[in-house]
Amino acid sequence: MVNIKLKNINNFNCKDINLDIKDGEMMVLIGQTGAGKTTILNVISGLIPYEGSVYFNGKCMDNVSPAKRDVGYLFQSFALFPNLTVRENISFGLEVKDFDKNQINTRVDELTSLFGIEHIANRYPKGLSGGEKQRVAFARTLATNPKILLLDEPFSNLDPRTANILRNEMKNLQKELNITTVFVTHNQKEAFELADRVAVIKNGIIEQVSKPMDILFNPYTQSVHHLLGSPTILRCDEVKELDFGLAKVTCGSLSLVVINDGEPFDKVAILSYEIRLSKYPIDSVIPNKFKAKLVDVVAIGKSIVQLVVEIQNTKLTVELSKTNWNQLGIEVSENIYIAIPFGSIITSIK
Amino acid sequence: MNSEQNNYAPKIRGIFSILIFIALWEFSIRLGWMPGNIFFPPFSEVIGEIWEMLFDDLLIDSYKSSFIRVIIGFLVGATSGVIIGIWMGWSQKVYDWTKPIISILYPIPALGWLPLLMLIIGINEVLPVVIIFICSFFPIVYNTVKGIKEVKPEFINAARLLGASDFVILKKVVIPQALPYIFIGLKLESGAAWRTVVAAEMIAIPTGIGALMMRAENLMRIDIILVCLIILSVMCLIFESFFSYLEHRMTGEWN
């Protein structure tokens, strides 16, 4: 178990943090840029000085150097040494820890095969794709069998398709190795998909630590709700199972088709930033298409605009980029067409 | 085929430009287009002169003097420059202590030290070596510091978290990544060392290529001056190419 109690960190916006991470758990730290997520990783790994204490399995780590903390840290930029080949990068940690040559070779072979990177083992990082670099960096991080894994937005520099594939790979591997992991992201979908528990951080303070569904359906504070894009939570009056793993739910006057594997649920959360808006009827094969009315423009931020639309007396919060808002060119009380894709509806567990 | 042609095209253009330059030099003098051509020999005569002088003790001794000065001065200057540059780049404390001194001394041209050094050292073999040392040391320190400081902290942090000591981090991560910057300094200053030694010999030292040129000027031997200039140009080129080759060998695969 990892236990962090922080009073203060010089020059960093982090204070009074108290976080317990269980063995084998995937703890996702979520928050906006500059919230202090990476700072917490740097404290756990000992890369920055701090006032407070960090314990690994009851052992105080405050005077233990980063090299001896036995943590694996996957950097956002991967930090692959450009002057070393893929193989040399992976074996770096083993070599400095004086493993013998045979052990190193066996371990590197094992990892390159696990990550499917045998074919690039003798290449330098320069010519590798983002996905390949990520795999190499992950292999290097795991090479020395660290007890704790720290991942700093490892998928943010990848294209969405590669990120999806690697996310699934990583999730499976983390469960298989049962390695305690702290994962930093600002991507909510990523957080919900990966986390055993989520810690929401705002301005260096942990606002809530809960299971992903609780964060969504029972936010402790308004700012947690706001950080998640103010999703609309609807109570379901009726749930009817359909074929192909779908269900039809009725929430007041609104009827929606959602993905459901048969688990009972009584609420749905509609992620505001996934809803699609159009001035004209939406023609594509998307379920949950409605004609709505724009009832309020709640906030116009630097890059995001928050709106409230009404469909058959049910109000939904919608977030969209400022560019999209300007392109839309629509006024309050005008009609608008919306589509709520499957991926934007999350069902609660009863 | 097309890409091969493109690869060779710049080289062919370069060779042609030199050939045209030589042809202009040769024929403008032979055809009497150059004023004062009695003093200025055509290219073919200069080549003939080089050939003759290659067996002449005067040129060989002068060349040897200059060469030894450059080698010793540059080796000491470059080695100490790289070592101190690494130290300054790695340790913030050392950097804070030494940066102001380096900043004050760096802009002074090496030859600017000459009058002072003549008074302190006197006119002897140490003088040109010290001048070349100064000429090489400061720019190489500067470039090395820059190279070390340019290495992103996350590489150092990554290595540290993988269990590496400071020494291993420097040896395997930081210095290799700083090499392209270190080589910029070495390439530029290896040529500059030759230019400086010749200038110093012209002003203050009675032996070497520079001194030979001054004597040739007294005797109005333009051919000897031209031979010395060609040697100077070739030596600058050889030294710079040597470091380019070394850089390519050490960083070409990954950089």
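Residues numbered from 1 in each chain as written. Chains lettered and ligands numbered in written order. Predicted model: local features only at pLDDT ≥ 70, side-chain atom pairs only at ≥ 80, totals over all residues. Heavy atoms only, no water.

Observations concerning the pattern of salt bridges
Residue and element names in this part refer to chain A. Just so we agree on the cut-off: We define a salt bridge as a contact between a side-chain nitrogen of Lys or Arg and a carboxyl oxygen of Asp or Glu at a distance within 4 Å. Each helix is a run of H or I in the DSSP string that is no shorter than four residues. Each strand is a run of E no shorter than two, and both are numbered from the N terminus. Relative accessibility thresholds used throughout: buried, under 20% of the residue-type maximum; exposed, over 50%; partly exposed, between the two (1.4 Å probe, protein chains only).
Following the criterion strictly, the structure yields 19 salt bridges over all chains and no others. Two residues, Arg107 and Glu110, come together in a salt bridge whose shortest N-O distance is 2.7 Å. You can see Arg107 and its partner Glu110 sitting in helix α3 (residues 101-114), three residues apart, about one turn around the helix. Arg107 sits in the buried class, given a relative accessible area of 15%. Bridged by salt links that share partners, the residues Arg167, Glu190 and Glu193 form one connected network.

Describing the interface of chain B and chain A
Let me state the cut-off plainly: Whether two residues are in contact is decided by their heavy atoms: any pair within 4.5 Å suffices. Each of two parts loses accessible area, computed with a 1.4 Å probe, when they are put together; buried area is these two losses added. Definition of a polar contact: a pair of N or O atoms within 3.5 Å, with one able to donate and the other able to accept a hydrogen when the atoms are protein atoms, and with sequence-neighbouring residues admitted only if both atoms are side-chain atoms. Only Asp, Glu, Lys and Arg are considered charged in this grouping, and only Ala, Val, Leu, Ile, Met, Phe, Trp, Tyr, Cys and Pro are considered nonpolar; every other residue, Gly among them, is considered polar.
Counting from both sides, the interface comprises 18 residues of chain B and, opposite them, 22 residues of chain A. Across the chain B to chain A interface the summed buried area is about 1,900 Å²; carbon plus sulfur atoms make up 70%. Counting the surface chain B buries against chain A, the share from its top three residues, Leu161, Leu162 and Trp254 of chain B, is 40%. Summed over the shared surface of chain B and chain A, the result is one salt bridge. We note a salt bridge from Lys172 of chain B to Glu95 of chain A, for which the minimum N-O separation is 3.0 Å. If you look at where chain B meets chain A, you find four residue pairs in polar contact (both at pLDDT 80 or more). Those elements that place two or more of their residues in the side of chain B that touches chain A are α7 (153-161) and α8 (166-203) of chain B. Considering each element in turn, the side of chain B that touches chain A owes the most residues, seven residues, to α7 of chain B. The class makeup of the residues in the side of chain B that touches chain A is ten nonpolar, four polar and four charged.

A word on the sheet that holds strand β15 (residues 267-270) of chain A
Residues and elements named next belong to chain A. Rule in force here: Any two strands with at least two DSSP-identified bridges between them are counted as paired. Each axis is a line fitted through C-alpha atoms, taken for helices only over the stretch in contact, and angles between the N-to-C directions span 0 to 180 degrees.
Taking strand neighbours across the sheet as the criterion, the three strands line up as β11-β15-β21 in an open arrangement whose pairing is antiparallel. What marks the edges here is a single partner per strand, and that holds for β11 (232-235) and β21 (345-347). The sheet shows a mean angle of 25° between the axes of neighbouring strands, taken without regard to direction.

Brief notes about the domain arrangement of chain A
Residues and elements named next belong to chain A. Condition: Start and end points for every domain follow an automatic or database-based domain assignment.
According to the domain assignment, chain A consists of domain 1 (2-227) and domain 2 (233-347). Using C-alpha coordinates to define each centre, domain 1 is positioned 34 Å away from domain 2. Of the residues lining the interface, eight residues belong to domain 1; the matching set on domain 2 comes to eleven residues. Interface area, domain 1 with domain 2, both sides summed: about 770 Å², of which 67% is carbon and sulfur. Together, Lys189, Leu216 and Phe217 form the three largest contributors to the area buried by domain 1 at its contact with domain 2, with a combined 61%. Counting the contacts that link domain 1 with domain 2 gives one salt bridge. Lys189 serves as the salt-bridge partner of Glu274, at 3.7 Å between the closest nitrogen and oxygen.

Side note on the packing of aromatic side chains
Note the threshold: By convention, a stacked pair of Phe, Tyr or Trp rings (six-membered ring in the case of Trp) has centres within 6.5 Å and planes under 30 degrees apart, an edge-to-face pair has planes over 60 apart, and any other such pair is tilted.
All chains considered together, the criterion is met by 18 aromatic pairs over all chains. Between Phe81 of chain A and Phe92 of chain A the ring centres are 4.8 Å apart and the planes differ by 55°, which places this aromatic pair in the tilted class. In this pair, Phe81 of chain A sits in the loop between β6 (71-74) and α2 (86-96) while Phe92 of chain A sits in helix α2, placing the two residues eleven residues apart along the sequence. Judged by relative accessible area, Phe81 of chain A falls into the buried class, the value being 0%. Note on Phe115 of chain A and Phe138 of chain A: the rings are 5.4 Å apart at their centroids and 65° apart in plane angle, and the pair reads as edge-to-face. One end of the pair, Phe115 of chain A, is in the loop between α3 and α4 (130-142); the other, Phe138 of chain A, is in helix α4, with 23 residues separating them in the sequence. The exposure class assigned to Phe115 of chain A is buried, which follows from its relative accessible area of 7%. Take Phe138 of chain A: its relative accessible area is 5%, and that puts it in the buried class. Three or more aromatic residues joined by ring pairs form one cluster here, namely Tyr63, Phe67, Trp194 and Phe239 of chain B.

Notes on the layout of surface pockets
Residue and element names in this part refer to chain A. Note the cut-off: Note on definitions: the grid is 1 Å and covers protein atoms alone; a cavity is a set of points where a 1.4 Å probe fits but cannot get out; a pocket is an open set with protein on both sides within 12 Å along at least five of seven lines; lining residues have an atom within 4 Å of a point. Grid points are joined across faces, edges and corners, and a volume is the space filled by probe spheres set on the points.
As a volume, the largest pocket reaches approximately 800 Å³. Breaking the lining of the largest pocket down by element, the ones donating at least two residues are α6 (188-194), α8 (222-227), β17 (289-300), β18 (304-311) and β19 (314-321). For the lining of the largest pocket, the element with the most residues is β19, which contributes three residues. Considered class by class, the residues forming the lining of the largest pocket number eight nonpolar, 13 polar and four charged. Formed jointly, the lining of the largest pocket draws a minimum of three residues from each of two domains, domain 1 (2-227) and domain 2 (233-347). Empty space within the second largest pocket amounts to approximately 500 Å³. If you go around the second largest pocket, you meet 19 residues; those closest to its centre are Met213, Ile259, Ile345, Ile346 and Thr347. For the lining of the second largest pocket, the secondary structure elements donating two or more residues are α6, β14 (254-259) and β21.

A look at unusual backbone geometry
All names here are of chain A. Positioned with a positive phi, Ala79 is a non-glycine residue whose angle comes to about 50°. Structurally, the position occupied by Ala79 is in the loop between β6 and α2. Overall, the relative accessible area of 1% leaves Ala79 in the buried class. With a phi angle near 70°, Asn313 is a residue other than glycine that sits in the positive phi range. Mapped onto the secondary structure, Asn313 falls in the loop between β18 and β19.

Digging into a nonpolar patch on the surface
To keep things clear, this is the line we draw: Patches here are clusters of residues that have more than 30% relative accessible area and form no salt bridge, with a 9 Å joining cutoff for like charges and a 5 Å cutoff for nonpolar side chains (Val, Leu, Ile, Met, Phe, Trp, Tyr). Reported accessibility uses the Shrake-Rupley method at a 1.4 Å probe radius. Residues are deemed covered only where the shown protein chains occlude them.
A cluster of nonpolar residues, Tyr8, Ile12, Ile15, Phe16, Leu19, Ile20 and Leu24 of chain B, forms a patch on the protein surface that exposes about 740 Å² of accessible area. Within the fold, Leu24 of chain B resides in helix α1 (residues 2-30).

Re empty space enclosed by the protein
One pass over the full model with this rule turns up two cavities of 30 Å³ or more. Taken as a whole, the largest cavity holds about 80 Å³ of empty space. Every residue along the wall of the largest cavity is listed here: Val71, Gly72, Tyr73, Leu74, Phe75, Phe78, Ala137, Arg140 and Thr141 of chain A together with Ala158, Leu161 and Leu162 of chain B. Elements supplying a minimum of two residues to the lining of the largest cavity: β6 and α4 of chain A together with α7 of chain B. If one sorts the elements of the lining of the largest cavity by residue count, β6 of chain A sits on top with four residues. The residue makeup of the lining of the largest cavity, split by class, is nine nonpolar, two polar and one charged. Its boundaries defined by the atoms lining it, the second largest cavity holds a volume of some 40 Å³. Together, Ala67, Asp70, Val71, Gly72, Lys97, Thr141, Thr144 and Pro146 of chain A together with Leu161 and Leu162 of chain B line the second largest cavity. Its residues assigned to classes, the lining of the second largest cavity shows five nonpolar, three polar and two charged.

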